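This is what each chain is made of:
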Amino acid sequence: MIHAQTLLPKGGKAHRIYLLLCDDISNGRYAEGEFLPGENRLADTLNVSRITVRRALDALAADGWIEKKIGAGSMVLPQRNHDQKIAANFATLIPQLVEFDQKTTARLLSVSYNFPSNSIAVTLGLTKDQRVQTAVRVRLFDGEPFSFLTTHVPEDIARNYDEADLATQPLFRLLEQSGVKVGGADQMVTATLAGPGAAESLDVSVGSPLLSLERIVRDANGHGVEYLSALYRPDRFRIEMSMTRIGAGTSRHWEPVIGARDP
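Below is a short write-up of the structure.

Here is what the cut-offs are and how they apply
Residues numbered from 1 in each chain as written. Predicted model: local features only at pLDDT ≥ 70, side-chain atom pairs only at ≥ 80, totals over all residues. Heavy atoms only, no water. Helix = DSSP H or I, 4+ residues; strand = E, 2+ residues; numbered from the N terminus. Buried < 20%, exposed > 50% of the residue type's maximum accessible area, 1.4 Å probe, protein only. Arc of directions from axis to C-beta. Contact = heavy atoms within 4.5 Å. Axes fitted to C-alpha atoms, helices over the stretch in contact; angles between N-to-C directions. Parallel < 35°, antiparallel > 145°, perpendicular 65-115°, else oblique. Left-handed = near helix turned anticlockwise from the far one by under 90°. Pairing = 2+ DSSP bridges. Salt bridge = Lys/Arg side-chain N within 4 Å of Asp/Glu carboxyl O. Core = buried A, V, L, I, M, F, W, Y, C linked by side-chain atoms within 4.5 Å.

With respect to the helices, strands and loops of the structure, G28 is situated in the loop between α1 (12-26) and α2 (39-46). G28 gets classed as partly exposed once you look at its relative accessible area, which sits at 35%. With 51 residues separating them in the primary sequence, G28 and Q79 have C-alpha atoms 9.8 Å apart.

Moving on: α2. Residues of α2 that are buried: E39, L42 and A43. Relative to the axis of α2, the buried residues are bounded by an arc of 100° and lie together on one face. In this structure, α2 carries R41, D44 and T45 as exposed residues pointing more than 90 degrees from its buried face. Tucked into the core, α2 has its buried residues touching α1, α3 (50-62) and β1 (66-69).

When two helices pack together, their arrangement is given by the angle between the helix axes and by the axis-to-axis distance. Close contact between α1 and α3 brings their axes to 8 Å; oriented N to C, the two are set at 50°. When the axes of α1 and α3 are compared, the pair comes out oblique. Classified by chirality, the crossing of α3 by α1 is right-handed. Residues K13, A14, I17, Y18, L21 and C22 of α1 pack against T52, R55, A56, L57, A59 and L60 of α3.

With that settled, consider unusual backbone geometry. In the Ramachandran plot, D142 falls in the positive-phi region, its phi being about 55° despite a non-glycine side chain. By the secondary structure assignment, D142 is in the loop between β5 (132-141) and β6 (144-154). The exposure class of D142 is partly exposed, given its relative accessible area of 40%. A positive phi is found at D203, a non-glycine position, where the angle reads about 60°. Residue D203 is classed as buried on the basis of its relative accessible area, which comes to 17%.

Turning to the sheet that holds strand β4 (residues 105-114), a few remarks are in order. If you walk across this open sheet you meet the six strands as β4-β5-β6-β9-β8-β7, and the pairing is antiparallel. The sheet is open, and its two borders are formed by β4 and β7 (182-193), each paired with just one other strand. Across the sheet, the mean angle separating the axes of adjacent strands is 15° when strand polarity is ignored. Across 11 bridges, the pairing between β7 and strand β8 (residues 209-219) is antiparallel. By the bridge assignment, T190 is partnered in β8 with S212.

On to the pattern of salt bridges. Note on pairing: side chains with opposite charge can pair once their charged atoms come close. Applying the stated criterion across every chain yields a total of nine salt bridges. The partner of E39 in a salt bridge is R54, with the nearest N and O atoms 3.1 Å apart. Of this pair, E39 sits in helix α2 while R54 sits in helix α3, and the two are 15 residues apart along the sequence. Judged by its relative accessible area of 16%, E39 is buried. The partly exposed category is assigned to R54, whose relative accessible area is 36%. R218 is the partner of D186 in a salt bridge, and the nearest nitrogen-oxygen pair spans 2.6 Å.

If you look at the biggest cluster of nonpolar residues, it comprises 18 residues, and the most contacted ones within it are Y18, L21, L36, L57, L60, W65 and I66. Elements with a contribution of two residues or more to this core: α1, α2 and α3. Ignoring anything within four residues of it in the chain, the contact list for L36 reads L21, Y30, L57, I66, S74 and V76.

Right under this line is the structure:
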């Protein structure tokens, strides 16, 4: 488990080596109790100086990924939830959130009412005098944080529920209880780096790589009812998609299997 938030090692090369080794450990290339290659070997393999490798290893040790043993090397520590990633099928992500609610818990960090940024106002179709409720939550699996969620909901909808509801129920359920008939959503997935707020909440270092998902939910009339910005720890969350080959000849291609479920 990654411990208290620290800063990534200074210097672009040390930063890169840190992230590479984090990824190797997260994906099981180096198992619990196994020793990483020595500093000299890592330096040669990665084409960097030994000092650069040492800085990266010091940061890994400070963050709880490894333990540096004098005369033996750097041993990989247990990584809780390594074999228990939350999985979401890309084609059925919103329905699957019902299962997320049953398997995970949420911690409400803040709630406020404010005027949104111009881009969010345009996306939700709001006028300049319309406010949104901005809620920030962290979702946990087995007591460990895996997602940092920021939602923006038009004030006239959000006034139908309170902070206690936000702290105990998933937002899509509160929207439906408020009379919203969800018609559809657009979502975009990319990668980003953890800023101070997200890093502290997700228990990772500032600058750590995160999976970023943005979703715009619209009602049956096409009006925006929610703007979600979600950040996920890639070592605890993944998005999957089942595919099938269809067609014939040169038109044969891959298509997602709609309704596929994760094993």
